[in-house]
Amino acid sequence: MGSVRRRQWPRAVGAATLLLASSGVAVVLAPPARAATITVTTAADVVDGGDGLVSLREAFDQANADAGDDTIVLAAGQTYSVALGCGSTATETANASGSFDHTDATGGLTIDGHGATIAGCAAPATLVDALITATGPAIHLDQVTLRDAQKGLVLRGAPANRSIALAGSTITATGGAPAPGAAIDVSDFAIGPSTLTLTNAAIDDNVRAGLSGLDHEVDVTATDSSISRNSGGALGDAAGDLTALRSHFDGNAGAFWSVGRVWGTATITDSTANGNTGFVLGIVGPATITRSHVDGSLPGSLSLGTSVALGLGCDGFPKTITDSSFSNGTASGTGTAAGLVFQCQYQGTTAPSTALSITGSTVSGNERGLDVEFTHAFDLTVAGSHIDDNRQVGLWYQGYAADAIGRLHLDRSTVDRNGASGTWGGIRASSTILDITDSSVSDNHGGADCYGQCGAGIRALSGGVNLLRSTVAGNVLTGDTGAAGVGCFDAASA
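Not measured: the values here are computed from a predicted model.

> I keep staring at the overall build of the protein chain and nothing clicks. Help me out?
Within the protein chain one finds one helix and 44 strands. When contacts within the protein chain are restricted to residue pairs at least 6 apart in sequence, long-range pairs at least 24 apart make up 69% of them.

This is how it looks when you write it as structure tokens:
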């Protein structure tokens, strides 16, 4: 089945016996662990020990028989299609047919692709299986494309702290009928925490999810990469921490979080999440978002037809947003939507005074612009930012408990031209002290569809308003059948 090339242990040492002259004791030195490099020499999916060639399936067999790390080398630009097991609905995990199975739990596997493709069965047959399954501590794909199978890559078995890495690689066109699938599946309950590292990589255009797994099982790092246009969402609930640099999570669709919900820490820089549906991105833990754009774009398949660009939870602080934008949180039917939502309700968490800060950012073109709801005292700082042109209200700030007094610091910012649908207008606040400095709350429109709580410029149901060198002008309130005009300030004093 071809040869396995190994790094040679020097003959002068090897398993030689060294005599220690001072003691006369013989010591046998074992060679260090050696990684095998296995070169695939035929594109055919065959197992034939007598043909003098090495197929991809035979290369996996050799790697499985060799304890420790292995590298499989593919020919540049070649396509390796599955032929064994096509058309079968049964799957096995011993590399006999269907998926290429790495079963050595003692070592990792690297596939050095040189731009090669590993594909499912030729049409009209389908591969109701994964393309690759891995049991070892690491699986790394370097310049290889996986496509046309039920799943791209599946991790199996017991080892924790698994490492998955894609460099210059792509997983696409996975997850079609008849069974559910995903580009990368880490849902095996025995796996434990893992890492997914994407560098110049793409998990795009899959029929189901990009990443499927247990809640917060996978820490994801994406650099110059894309997880986009996946019909079952991008990350699902699998992400623990998320670090994204110059990466794109665009055009994904899902029943709930179309990009995903991040349970740990999120650090997102120079990245986008545009054109997704439904709830786009949720972050439970601490978050730092810099020079990035999140676009809610389209209502999802929720019964209320709701879209939220970014949702923030209160299990981790601080949350810092700088030079970023959040737009097109739109709704259909009776749904409500927002560009940026922070909810800290019905939990025993007390937010610190630096819980959430937004600097140099824009929240526009949403139903509600910025929606903040809390049950404990909570401070929000908005500086040098624009919360403009949102259809229902620019800024909704709501406390839900008697002792939940929030504070909003609005500095060098605008809350203008909100409420085109004739609802709450500029700022609607409850249980909140508003400190507004060097800012504008102007040309907002309040109307009748607000349960008797309408305002146009600023509606403070409880708390207070402190204005300093600010403009509150040109706000219009029409049709309020409740407490019309109460708290609707239209002058530079309160």
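> What should I look at first to understand the environment of Thr199 in this one?
Inspection of the secondary structure puts Thr199 in strand β15 (residues 194-199). Overall, Thr199 belongs to the partly exposed group, its relative accessible area being 33%. Taking the C-alpha atoms as reference points, Thr199 and Ala165, separated by 34 residues in sequence, lie 8.0 Å from one another. The contacts of Thr199, once residues within four sequence positions are left out, are Leu166, Ala167, Gly168, Thr223 and Ser225.

> Which parts of the structure should I look at to understand the state of the cysteines?
In a disulfide, the sulfur atoms of two cysteines are held together by a covalent bond. Summed over the entire model, instances satisfying the criterion amount to one disulfide. There is a disulfide in this structure between Cys86 and Cys121, and the S-S distance comes to 2.0 Å. As the torsion about the S-S bond is roughly -95°, the Cys86-Cys121 disulfide counts as left-handed. Here the residue Cys86 occupies a position in the loop between β6 (79-81) and β7 (100-102), and Cys121 occupies one in the loop between β8 (109-119) and β9 (130-134), the gap between them amounting to 35 residues. Accessibility expressed as a relative area gives 28% for Cys86, which makes it partly exposed. Residue class for Cys121 comes out buried when judged on its relative accessible area of 10%.

> What should I look at first to understand the packing of aromatic side chains in this one?
Each aromatic ring pair is described using two quantities: the centre-to-centre distance and the angle formed by the ring planes. Per the counting criterion, the structure on display carries two aromatic pairs. A centroid spacing of 5.2 Å and a plane angle of 75° characterise the contact between Trp257 and Phe279, whose relative ring orientation is edge-to-face. Here Trp257 is found in strand β20 (residues 257-262), whereas its partner Phe279 is found in strand β23 (residues 279-283), with 22 residues between them in sequence. Given a relative accessible area of 15%, Trp257 falls into the buried group. The ring of Trp396 has Arg368 lying over it, and the distance from NZ or CZ to the ring centre is 4.1 Å. The ring of Trp396 is capped by Arg428, whose NZ or CZ atom sits 4.1 Å from the centre of that ring.

> Sorry, what's going on with the confidence of the model for the protein chain here?
In regions of low pLDDT, the predicted coordinates are not meant to be interpreted in detail. Of the residues in the protein chain, 77% reach a pLDDT of 70 or more, and the chain-wide mean stands at 80. Across the protein chain, the secondary-structure element scoring lowest on mean pLDDT is strand β1 (residues 5-6), at 34, and the one scoring highest is strand β5 (residues 70-73), at 98. Every residue in residues 1-33 is under pLDDT 50, and counting partners more than four places away or in other chains gives 45 contacts. Per-residue pLDDT stays below 50 along residues 481-494; that stretch engages in 33 contacts with residues further than four places along the chain or on separate chains.

> Help me understand the sheet that holds β9 in this model?
Hydrogen bonds along the backbone pair up the strands of a sheet, which may run parallel or antiparallel. The strand order across the open sheet formed by five strands is β7-β9-β11-β14-β17, and the pairing between neighbours is parallel. Of all strands in the sheet, those with a lone pairing partner are β7 and β17 (209-213), marking the two edges. Each adjacent strand pair in this sheet contributes to an overall mean axis angle of 10°, direction not counted. Note that β7 and β9 share three bridges and pair parallel. Counted as the bridge partner of His102 is Ala134 from β9. Of the strands in this sheet, β7 and β9 are in contact with helix α1 (residues 56-65), which crosses β7 at around 10°.

Rules and cut-offs
Residues numbered from 1 in each chain as written. Predicted model: local features only at pLDDT ≥ 70, side-chain atom pairs only at ≥ 80, totals over all residues. Heavy atoms only, no water. Helix = DSSP H or I, 4+ residues; strand = E, 2+ residues; numbered from the N terminus. Contact = heavy atoms within 4.5 Å. Buried < 20%, exposed > 50% of the residue type's maximum accessible area, 1.4 Å probe, protein only. Disulfide = S-S within 2.5 Å. Phe/Tyr/Trp six-rings, centres within 6.5 Å; stacked < 30°, edge-to-face > 60°. Lys NZ or Arg CZ within 6 Å of the ring centre and 35° of its normal. pLDDT = per-residue confidence, 0-100. Pairing = 2+ DSSP bridges. Axes fitted to C-alpha atoms, helices over the stretch in contact; angles between N-to-C directions.

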